[in-house]
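Fold and contact review
Chain residues, written in single-letter form:
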Amino acid sequence: MAVRVQEEDFDPTTELDALSAGRDDIGALVSFTGLVRGGDVSEMVLEHYPGMTEKALEEIEEEAIKRWPLQGVTIIHRVGPLPPGARIVFVATASRHRAAAFEAAEFLMDFLKTRAPFWKKESTASGARWVDARETDDAAAARWAVE
Amino acid sequence: MKLLYFAWLRERIGVGSEEVSPPQGVDTVGALIEWLKTREPRYEAAFAQTAAIKVAVDQEQTDFNASIIGAREVALFPPVTGG
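The following refers to the structure shown. (Residues numbered from 1 in each chain as written. Chains lettered and ligands numbered in written order. Predicted model: local features only at pLDDT ≥ 70, side-chain atom pairs only at ≥ 80, totals over all residues. Heavy atoms only, no water.)

Notes on the interface of chain B and chain A
Contact with chain B, which involves 21 residues of that partner, is made by 26 residues of chain A. On the chain B side of the contact with chain A, Q59(B), T81(B) and G83(B) bury the most area, a combined 36% of that side's loss. Taken together, the links from chain B to chain A amount to three salt bridges. Notably, a salt bridge pairs K121(A) with E11(B), separated by 2.4 Å at the nearest N-O pair. Inspection of the chain B/chain A interface yields 13 residue pairs in polar contact (both at pLDDT 80 or more). Only strand 1 (2–5), helix 1 (7–13), strand 4 (60–62) and strand 5 (73–77) of chain B provide two or more residues apiece to the side of chain B that touches chain A. For the side of chain B that touches chain A, the element with the highest residue contribution is helix 1 of chain B, accounting for four residues. Its residues placed into classes, the side of chain B that touches chain A shows 11 nonpolar, five polar and five charged. (Contact = heavy atoms within 4.5 Å. Buried area = accessible area lost by both parts, 1.4 Å probe. Salt bridge = Lys/Arg side-chain N within 4 Å of Asp/Glu carboxyl O. Polar contact = N/O pair within 3.5 Å; in protein donor to acceptor, adjacent residues only side chain to side chain. Helix = DSSP H or I, 4+ residues; strand = E, 2+ residues; numbered from the N terminus. Nonpolar A, V, L, I, M, F, W, Y, C, P; charged D, E, K, R; others polar.)

Things to note about helix 1 (residues 12–20) of chain A
Residues and elements named next belong to chain A. Among all positions in helix 1, only P12, E15 and L19 are buried. Projection of helix 1 onto a plane perpendicular to its axis shows the buried side chains occupying an angular sector of 65°, all on one side. Where helix 1 is buried, its residues touch strand 1 (2–6), strand 2 (28–35), strand 4 (70–78) and strand 6 (87–95). Phi turns positive, to about 70°, at G22, one or two residues after helix 1. (Buried < 20%, exposed > 50% of the residue type's maximum accessible area, 1.4 Å probe, protein only. Arc of directions from axis to C-beta.)

Describing the sheet that holds strand 3 (residues 41–48) of chain A
All names here are of chain A. Sheet architecture is open: four strands sit in the order 5-3-7-8, paired in antiparallel fashion. A strand with exactly one partner marks an edge of an open sheet, and here the two such strands are strand 5 (80–82) and strand 8 (127–130). In this sheet, adjacent strand axes meet at a mean angle of 25° when their direction is disregarded. Note that strand 7 (residues 118–124) and strand 8 share four bridges and pair antiparallel. Residue pairing in the sheet places E122 in a bridge with R129 of strand 8. (Pairing = 2+ DSSP bridges. Axes fitted to C-alpha atoms, helices over the stretch in contact; angles between N-to-C directions.)

Re the pairing of strand 5 of chain B
Residue and element names in this part refer to chain B. For strand 5, the tally of buried residues reaches five of five residues, placing the bulk of the element in the interior. Residues E73, A75 and F77 point to one face of strand 5 and V74 and L76 to the other, with burial holding for every one of them. When strand 1 meets strand 5, the two strands line up parallel, connected through four bridges. Across the sheet, residue K2 finds its bridge partner in strand 5, namely E73. With four bridges joining them, strand 3 (residues 54–57) and strand 5 adopt antiparallel strand pairing. Paired with V57 across the two strands is V74, which belongs to strand 5.

Pasting the structure below:
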């Protein structure tokens, strides 16, 4: 189980290998990598709340472990200035079977987007702007509500 | 008490953090924001639309009714946009 907030890039393959290294009880590894979209955006700056960010990510990770039988979880989020095409975020889940790994990875991303204190600022030719929160992200997180 | 501001709230107020000593009676997040608004126009402008503002007291997300009595750190910020 690992949560990291860092400026440096990461290597998804290395992270996946680390999750399953030396184990034979994992049947499924699922990962998601988020990238900076280009288009009219020339740079994205990620701001965060040091201290609370790590805590929020750990809480999200713990929640996933409570809900699904997971052998491992990795969450990495980059901060600072990032060019189009750069990796921003990575979540990976390891489980005996694929359903838990798929669902937990989706849950982690949905909760991360609505609960972890990160803010994106985009630079474009016409100036810089803070990215607005999206209602679709709230709806995506809401579908995991405990009934 | 340490106040922290993030994203456009930080830009509008002009600082990322500051130490404040709210007067007696200012004991909730909502009251804290109202008190800040009376300090200087930049606070009033920054907090003009509080519906868009989120809060964490001692690094736990909460709401405007939350107590700030004994809090070490209160963070105010727009809705998060990570991922």
